[in-house]
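For reference, the chains in residue letters:
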Amino acid sequence: MQAAKHEHWTSSFTFLLAAVGSAVGLGNIWRFPYIVAENGGGAFVLIYLVIVVIFGIPLLMSELMIGRSAQKPPLSAIQSFGTTRAHKLWQALGWSYLLVPLGILTFYSVVAGWTLDYAVNTAIGSFNNLQDGESAKIFHTLLASPGEQIFWMTVSIGITVAIVARGLKSGLEKSVEILMPALFVILIVLVLYASFTGDFMRSLRFMFEPDFSKITPKLVLLAAGQAFFSLSLGSGAIMVYGSYLTKDISIPKMAVGVAIADTFVALLAGFAIFPIVFSFGVENASGPGLVFVTLPIVFNDMGWIGQIFGVLFFLLLAFAAITSTISLLEPMVAELSERGKFKRARAALYTGAAFWVVGIFVAMSSNILKDVHPLGFIGRFHGMNIEQVIEFFSANVFMVLNGMLVAIFIGWSIKRSLTLEEMGMGGSVVFKIWFLLVRFLVPIGVLFIFLDGIFNISG
Ligand code: PHE
């Protein structure tokens, strides 16, 4: 089997569409608003912004740099930096980068499936004339149904495989060129609608008036974990997309662009949701049910126009999710096809199929298998179902560990001359600040997120 040759993005703009597509996802539109609501609004938003600047941007630059410099997918990229004994150890990091995105894909594609299910059901009017408590019941019926979840999860993985199988130009680029502009248009329409009909001023105060007394170590760590996930860090997605960049493109500029767009979308998602939620008086609208339980009630109260906006909203979520799942499948597919193991289309099909099987177990974690606690004999894992264990290891442990180690790798292991050259800013002040952050602050800061993820030190 001949190894597939390494391709490049058509332009820096297509890269941005794809990388922002990876970053913008369920994390921004589903999770960000509800954890803002659960954690004191403005205080959380403020800390989140600070973390994106201090940790997020430097790490985005680091991952883009490794991919671009090696011109290879994550595992091969990390392996290519040397063959000494120390580098053999670093290979473990490469493997972790290869596997983490697939772990995330298993539960992410189940939730992506919910969004498709909701888009279709809103469109055909299943949420019309909701009685009290019915919205929550519909959501719980979905969670209780293995068949419905497996069906929609299969659709979401199927779409992902079909896109990734077509390759960089006719798969990834084509899809983000359609989905990302559509996503922005829908989001803007929703924000405009919400701010005209809902309580915009209250949302503004809620999101931007920090109550400093709410800032606790726990909030800081939560914001850090959210920023990490939202920026697709530690998962191979950014690294593999970086590997398709040509040498003339500025890494710092791309990193800043991705961070700004991702954060902007998260904030806009808040402005699409909070004004209408506030003005419809659904006060305790927080938790994972904010989008899947509360919003259908609000849309229902708005009549036929609500139905239209409801369909748009769930399509928005679905598009955001698909542009993220393709970046979760891509690292392994690129690795397999560029090593000449399989043709790209087969690599996509086999990898997709293998993790679809794991996805089935995830979809059954909230129903048939809800009492299966894989690591229940260990205190920390007591009561965690299959989905929670997979999510814990991929998103709380290895994803964060990757971020910490990659900073150490760049800051302490690879040649400084190479780093200087890739960043293309000479020894400027910006370079020096970045390098100091990557050497000291980022590894130490991320270590805390990691320890908290495992031992729950902040309580
Ligand atoms: N950043 C995506 C989101 O916010 C999730 C994701 C994580 C995608 C890691 C790719 C890699 O939903």
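Residues numbered from 1 in each chain as written. Predicted model: local features only at pLDDT ≥ 70, side-chain atom pairs only at ≥ 80, totals over all residues. Heavy atoms only, no water.

Engineer: Any details on the overall build of the chain? Residues and values, ideally.
Structural biologist: Helix and strand counts for the chain stand at 18 helices and 0 strands. Whereas a compact globule of 459 residues would reach a radius of gyration of roughly 23 Å, the chain reaches 21 Å, a difference of no more than 12%. Expressed as lengths along the three principal axes of its C-alpha atoms, the size of the chain is roughly 65 × 50 × 50 Å. For the chain, buried positions account for 58% of its 459 residues. Looking at the chain alone, contacts between residues at least 24 apart form 82% of all its contacts between residues at least 6 apart. (Helix = DSSP H or I, 4+ residues; strand = E, 2+ residues; numbered from the N terminus. Rg over C-alpha atoms; globule rule 2.2 N^0.38 Å. Buried < 20%, exposed > 50% of the residue type's maximum accessible area, 1.4 Å probe, protein only. Contact = heavy atoms within 4.5 Å.)

Engineer: Give a description of the site of the ligand that names residues and reports values.
Structural biologist: Around the ligand, 15 residues are found, and the nearest of them are Ala23, Gly27, Tyr108, Phe229 and Ser230. Within the backbone of alanine 23, one N or O atom sits 2.9 Å away from a nitrogen atom of the ligand. With respect to the ligand, the backbone of leucine 26 contributes an N or O atom lying 3.1 Å from an oxygen atom. In the complex, 100% of the free accessible area of the ligand, which totals 320 Å², lies under the protein chains. Elements with a minimum of two residues in the shell around the ligand: helix 1 (12–23), helix 2 (26–38), helix 10 (217–230) and helix 14 (304–338). The class makeup of the residues in the shell around the ligand is 6 nonpolar, 9 polar and no charged. (Near = heavy atom within 4 Å. Polar contact = N/O pair within 3.5 Å; in protein donor to acceptor, adjacent residues only side chain to side chain. Areas by Shrake-Rupley, 256 points an atom, 1.4 Å probe, with all protein chains shown as cover. Nonpolar A, V, L, I, M, F, W, Y, C, P; charged D, E, K, R; others polar.)

Engineer: Give a description of the packing of aromatic side chains that names residues and reports values.
Structural biologist: This model, assessed by the stated rule, comprises 36 aromatic pairs. Seen from their ring centres, phenylalanine 208 and phenylalanine 271 are 6.0 Å apart, and the 35° between their planes marks the pair as tilted. Here the residue phenylalanine 208 occupies a position in helix 9 (residues 200–208), and phenylalanine 271 occupies one in helix 12 (residues 251–279), the gap between them amounting to 63 residues. Look at phenylalanine 208 and you get partly exposed, because its relative accessible area is 40%. The class of phenylalanine 271 is buried, set by a relative accessible area of 8%. Taken together, the aromatic side chains of Trp30, Tyr34, Trp114, Tyr118, Phe127, Phe139, Phe292, Phe299, Phe313 and Phe314 make up a single cluster linked through ring pairs. Over the ring of tryptophan 412 we find arginine 439; its NZ or CZ atom is 3.9 Å from the centre of that ring. (Phe/Tyr/Trp six-rings, centres within 6.5 Å; stacked < 30°, edge-to-face > 60°. Lys NZ or Arg CZ within 6 Å of the ring centre and 35° of its normal.)

Engineer: Which residues make up helix 6 (residues 134–144), and what values do they have?
Structural biologist: Those residues of helix 6 that sit buried are Ser135, Phe139, Leu142 and Leu143. Axial view of helix 6: buried residues confined to an arc of 100°, hence all on one face. Lining the buried residues of helix 6 we find helix 5 (85–123), helix 7 (146–165) and helix 13 (289–301). (Arc of directions from axis to C-beta.)

Engineer: Residue-level account of the side chain of arginine 344, with values.
Structural biologist: Tracing the backbone through its elements, the reader meets arginine 344 in helix 15 (residues 344–363). Arginine 344 gets classed as buried once you look at its relative accessible area, which sits at 16%. Excluding residues that lie within four positions of it along the chain, arginine 344 makes contacts with Val164, Ala165, Arg166, Gly167, Leu168, Tyr244, Glu330, Val333, Ala334 and Ser337.

Engineer: Outline the environment of leucine 105, listing residues and values.
Structural biologist: By the secondary structure assignment, leucine 105 is in helix 5. Between the C-alpha atoms of leucine 105 and isoleucine 157, which are 52 residues apart in sequence, the distance is 8.7 Å. Once residues lying within four places of it in the same chain are set aside, the contact partners of leucine 105 are Thr325, Leu328 and Leu329.

Engineer: Could you give an account of the pattern of salt bridges, with specific residues and numbers?
Structural biologist: Overall, the coordinates contain 5 salt bridges when judged by the stated rule. Glutamate 335 serves as the salt-bridge partner of arginine 339, at 2.9 Å between the closest nitrogen and oxygen. The class of arginine 339 is partly exposed, set by a relative accessible area of 38%. Overlapping salt bridges bring together Arg68, Lys247 and Glu422 as one network. (Salt bridge = Lys/Arg side-chain N within 4 Å of Asp/Glu carboxyl O.)

Engineer: Account for unusual backbone geometry, with residues named and values stated.
Structural biologist: Negative phi characterises most residues that are not glycine, and trans characterises most peptide bonds. In this structure, asparagine 129 is a non-glycine residue whose phi angle is positive, near 50°. By relative accessible area, asparagine 129 is classed as exposed at 61%.

Engineer: So what's going on with helix 3 (residues 42–70)? Which residues, and what values?
Structural biologist: End to end, helix 3 covers 41 Å across 29 residues, agreeing with the expected 42 Å (1.5 Å per residue, within 8%). Burial within helix 3 is extensive, with 24 of its 29 residues counted as buried. Of the residues one or two after helix 3, glutamine 71 is the one with positive phi, at around 55°. (Expected span 1.5 Å × (residues − 1).)

Engineer: Kindly report on the packing of helix 5 against helix 14, identifying the contributing residues and their values.
Structural biologist: Running from N to C, helix 5 and helix 14 cross one another at 160°; their axes reach a closest spacing of 8 Å. Classified by the angle between their axes, helix 5 and helix 14 sit roughly antiparallel to one another. Every pair of crossing elements has a handedness; the one defined by helix 5 and helix 14 is left-handed. Of the residues belonging to the contact of helix 5 with helix 14, the class tally is 22 nonpolar, 6 polar and 1 charged. (Axes fitted to C-alpha atoms, helices over the stretch in contact; angles between N-to-C directions. Parallel < 35°, antiparallel > 145°, perpendicular 65-115°, else oblique. Left-handed = near helix turned anticlockwise from the far one by under 90°.)

Engineer: I'd like to hear about the environment of glutamate 421, residue by residue, with values.
Structural biologist: Examined against the element boundaries, glutamate 421 turns out to sit in helix 17 (residues 416–423). Residues glutamate 421 and proline 58 lie 363 residues apart in sequence; the distance between their C-alpha atoms is 16 Å.

Engineer: Quick rundown of a nonpolar patch on the surface? Include the residues and the values.
Structural biologist: Together, Trp412, Leu436, Phe440, Leu441, Ile444, Phe448, Phe455 and Ile457 make up an exposed nonpolar region whose accessible area comes to about 860 Å². For the nonpolar patch, the element with the highest residue contribution is helix 18 (residues 429–455), accounting for 6 residues. For phenylalanine 455, a relative accessible area of 57% translates into the label exposed. (Patch = residues over 30% accessible without salt bridge, like charges linked within 9 Å, V, L, I, M, F, W, Y side chains within 5 Å.)

Engineer: Quick rundown of the packing of helix 3 against helix 18? Include the residues and the values.
Structural biologist: Between helix 3 and helix 18, whose axes approach to 10 Å, the crossing angle comes to 110°. The angle between helix 3 and helix 18 places the two elements in the roughly perpendicular class. Classified by chirality, the crossing of helix 18 by helix 3 is left-handed. Counting all contacts with helix 3, which are made through Ile54, Phe55, Pro58, Leu59, Met61, Ser62 and Met65, the residues of helix 18 involved are Trp434, Leu437, Val438, Leu441, Val442, Gly445 and Val446. Class assignment of the residues belonging to the contact of helix 3 with helix 18 gives a composition of 12 nonpolar, 2 polar and no charged.

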